[in-house]
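Each chain, letter by letter, is given below.
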Amino acid sequence: MQQYDRGYRRNALWQMSPVNTLIIVINVLVFAGLSFLGDTTDVRFMYNHGASFWPAIIEEHEYYRLLTCTFIHFGISHLFNNMLVLFFIGDNLERAVGHIRYFIMYIAGGLLANIAALIYYNIADVNVC
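Position numbers for residues count from 1 along each chain, tracking the sequence in the order it is written. At least 70 in pLDDT is required for a residue's local features to be given in this predicted model, at least 80 for side-chain atom pairs to be given and counted, and no such filter applies to totals for whole chains, interfaces and linings, which use all residues. Where side-chain values are given, they derive from all heavy atoms of the structure, hydrogens and water being excluded.

## Considering helix H7 (residues 76-97)
Spacing of three or four residues puts side chains on the same side of an α-helix, whose turn is 3.6 residues. Defined as follows: Secondary structure elements follow DSSP: runs of H or I of four or more residues count as helices, runs of E of two or more count as strands, with numbering from the N terminus. A helix is expected to reach a length of 1.5 Å times the quantity of its residues less one.
Counted at 1.5 Å a residue, the expected span for H7 with its 22 residues is 32 Å, and the 30 Å between its end C-alpha atoms agrees. Downstream of H7 by a residue or two, glycine 98 has a phi angle that is positive, lying close to 100°.

If you want it as structure tokens, here you go:
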């Protein structure tokens, strides 16, 4: 038990789940940068900085939005709630599946969720960011 305690104390969060920690840091830095530039609750501002909008993705071929919108958040509460869940669930998931698999799952999950939303909004003909 004593050996476990020393090992646990020696392992900081960064050492246990570096990918999850890095993803959280990236999300917070992106939010801080966008907050410095403007209002993260303004739809037009967020659109100009990579938010998902299906007409732009399909008609203008702005496919990068499928990835960029994974890292932007509309307001501090959106960021806080997502990072809180990511902090607890992502940490456990990364330790369970490994660093590389977790990174692939995070990126693939973001892309697939955005593609699903793109299909839904395109079928429903809803113009929502």
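## So, the side chain of glutamate 62
Spelled out, the test is: Burial classification: accessible surface area is computed with a 1.4 Å probe over protein chains only, and a residue below 20% of its type maximum counts as buried, one above 50% as exposed, and the rest as partly exposed. Pairs of N or O atoms within 3.5 Å make up the polar contacts considered here, provided that, within protein, one atom can donate a hydrogen while the other can accept it, and that residues adjacent in sequence are counted only when both atoms are side-chain atoms. The contact definition used throughout considers only heavy atoms, calling two residues in contact when any of these lie within 4.5 Å.
Assignment of secondary structure puts glutamate 62 in the loop between helix H5 (54-59) and helix H6 (65-68). What makes glutamate 62 buried here is its relative accessible area of 19%. Polar side-chain contacts of glutamate 62 include one of 2.6 Å to the side chain of arginine 65. Leaving out residues up to four positions away in the same chain, glutamate 62 has contacts with Tyr47, Ala56 and Ile57.

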